Amino acid sequence: MLNAATRVFVENGYEATSIQDLVDAMGINRASLYDTFGDKEKLFLEVLDRYDNWNYGELETCINDHASKLDGIRAWFYRVVDQGSNRRHPGCLMVNSSVERALRDEDCAARAARNFLRSEEAYYNALVDAQKLGEIGEDRNLRALSRFLAGTIRGIRVSAKATSDYQTLKDIADIALNNLK
């Protein structure tokens, strides 16, 4: 059920998603939706939490699937570039929701902030490991680099809304990745 709701929110955004859209996608009636989730807002926040956990897991797995943490970060960036260059890919629910709702909705803003911090921490841990292996100079500010990476990923995802040109998105990723060493 939550997978179906996630798909609807990713494709339509929060505002453009109706209760009927959710009921149809989830295969339940309105009473069941309200009994189970309370309302559209509570369902959305549950979906956002679940999406955040899934996305964070994907980031961690991608980074940790590589002996070189820099290669793992690079693989993650190129995965995001590939998604962004695919016009059929609806984008990242967290980034889309941040742009759509975070300025008006404290709960959404808190989740967006948590997501940013979690991804920043994943990059930071990977950069610490890379520095221990000599892949990054000792003089580099790893905390600043991890924030830069977290912000750049979001920038790529927002840029993908304006252009699906693979080379444009890859150029953004490449410049960011080249700044790690």
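Quick summary incoming for the structure in this document. (Residues numbered from 1 in each chain as written. Predicted model: local features only at pLDDT ≥ 70, side-chain atom pairs only at ≥ 80, totals over all residues. Heavy atoms only, no water.)

### What about the overall build of the protein chain?
As a reminder, the rule being used: The helix count covers DSSP runs of H or I at least four residues long, the strand count covers runs of E at least two residues long, and both are numbered beginning at the N terminus. Burial status follows relative accessibility: with a 1.4 Å probe on protein chains alone, a residue under 20% of its type maximum counts as buried, one over 50% as exposed, and anything between as partly exposed. In what follows, residue pairs with any heavy atoms lying within 4.5 Å of each other are defined as contacts. To be clear on the numbers: accessible area is Shrake-Rupley with a 1.4 Å probe, and residue cover counts the displayed protein chains and nothing else. For the charge count, each Lys or Arg is scored as positive and each Asp or Glu as negative, with His and the chain ends excluded. Charged groups are reduced to one reference atom each: NZ for lysine, CZ for arginine, CG for aspartic acid, CD for glutamic acid.
Tallying secondary structure elements over the protein chain gives nine helices and zero strands in all. Put simply, the protein chain runs from its N terminus to its C terminus through helices and strands in the order α-α-α-α-α-α-α-α-α. Dimensions of the protein chain along its principal axes, counting C-alpha atoms only, are 60 × 30 × 30 Å. Within the protein chain, buried positions represent 44% of all 181 residues. Put simply, 67% of the contacts in the protein chain that link residues at least 6 apart link residues at least 24 apart. Element-wise, carbon and sulfur atoms account for 49% of the exposed surface of the protein chain, whose accessible area totals about 9,100 Å². Here the protein chain contributes 24 positive and 28 negative side-chain charges, whose respective centroids are spaced 1 Å apart.

### Side note on the nonpolar core
Filter applied, for reference: Within this scheme, the nonpolar core is defined by two criteria: the residues are buried Ala, Val, Leu, Ile, Met, Phe, Trp, Tyr or Cys, and they are joined through side-chain atoms within 4.5 Å.
Counting 28 residues, the largest nonpolar core has Ile73, Trp76, Phe77, Tyr123, Leu127 and Leu180 as the members making the most contacts within it. Every element with two or more residues in this core is listed here: α4 (40-64), α5 (69-84), α7 (106-132), α8 (142-162) and α9 (166-178). Among the elements that line this core, the one with the most residues is α8, at seven residues. Residues within four places of isoleucine 73 in sequence aside, it is in contact with Ile63, Tyr123, Ala126, Leu127, Leu149, Leu177 and Leu180.

### Examining the packing of α4 against helix α6 (residues 93-101)
Definition in use: Simply put, an axis is a line fit to the C-alpha atoms, just over the touching stretch for a helix, and the angle between two N-to-C directions goes from 0 to 180 degrees. We call two directions roughly parallel when the angle between them is under 35 degrees, roughly antiparallel when it is over 145, roughly perpendicular when it lies between 65 and 115, and oblique otherwise. When residues are sorted by character, Ala, Val, Leu, Ile, Met, Phe, Trp, Tyr, Cys and Pro go into the nonpolar class, Asp, Glu, Lys and Arg into the charged class, and all the rest, Gly among them, into the polar class.
Viewed as axis vectors pointing N to C, α4 and α6 meet at an angle of 140°, and their least axial separation amounts to 10 Å. By the angle between their directions, the pair α4 and α6 is classed as oblique. Touching Glu41, Phe44, Val47, Leu48, Tyr51 and Asp52 of α4 are Leu93, Met94, Ser97 and Arg101, all from α6. In the contact of α4 with α6, the residues fall into six nonpolar, one polar and three charged.

### Points about the environment of glutamate 106
Within the secondary structure, glutamate 106 sits in helix α7. In this structure, the C-alpha to C-alpha distance between glutamate 106 and phenylalanine 9, residues 97 residues apart in sequence, is 18 Å.

### Quick word on the packing of aromatic side chains
For clarity, the cut-off: Here a pair means two rings of Phe, Tyr or Trp (six-membered ring of Trp) with centres within 6.5 Å. Their orientation is stacked below 30 degrees between planes, edge-to-face above 60, and tilted elsewhere. Placement of a positive charge over a ring is assigned whenever Lys NZ or Arg CZ falls within 6 Å of the ring centre and within 35 degrees of the normal to the ring plane.
Enumeration according to the criterion identifies five aromatic pairs in this entry. Each ring, one from phenylalanine 9 and one from tyrosine 14, has its centre 6.1 Å from the other, and the planes form 15°; the classification is stacked. Linked through ring pairs, Phe9, Tyr14 and Phe44 together constitute an aromatic cluster. The ring of tyrosine 14 carries the charged tip of arginine 101 above its face, separated from the ring centre by 3.8 Å. In this structure, arginine 118 is placed above the aromatic ring of tyrosine 56, and the distance from its NZ or CZ to the ring centre is 4.1 Å.

### A word on the pattern of salt bridges
To keep things clear, this is the line we draw: Each reported salt bridge corresponds to a side-chain nitrogen of Lys or Arg within 4 Å of a carboxyl oxygen of Asp or Glu.
Following the criterion strictly, the structure yields 13 salt bridges and no others. Of the charged contacts, one joins arginine 101 and aspartate 105 as a salt bridge, the two residues approaching to 2.4 Å between their closest N and O atoms. The buried category is assigned to aspartate 105, whose relative accessible area is 7%. Here glutamate 120 and arginine 147 are joined by a salt bridge, their closest N and O atoms 3.2 Å apart. Placement of the pair is glutamate 120 in helix α7 and arginine 147 in helix α8, with a sequence separation of 27 residues. Sharing partners across several salt bridges, the network here consists of Glu15, Glu41, Arg101, Arg104 and Asp105.

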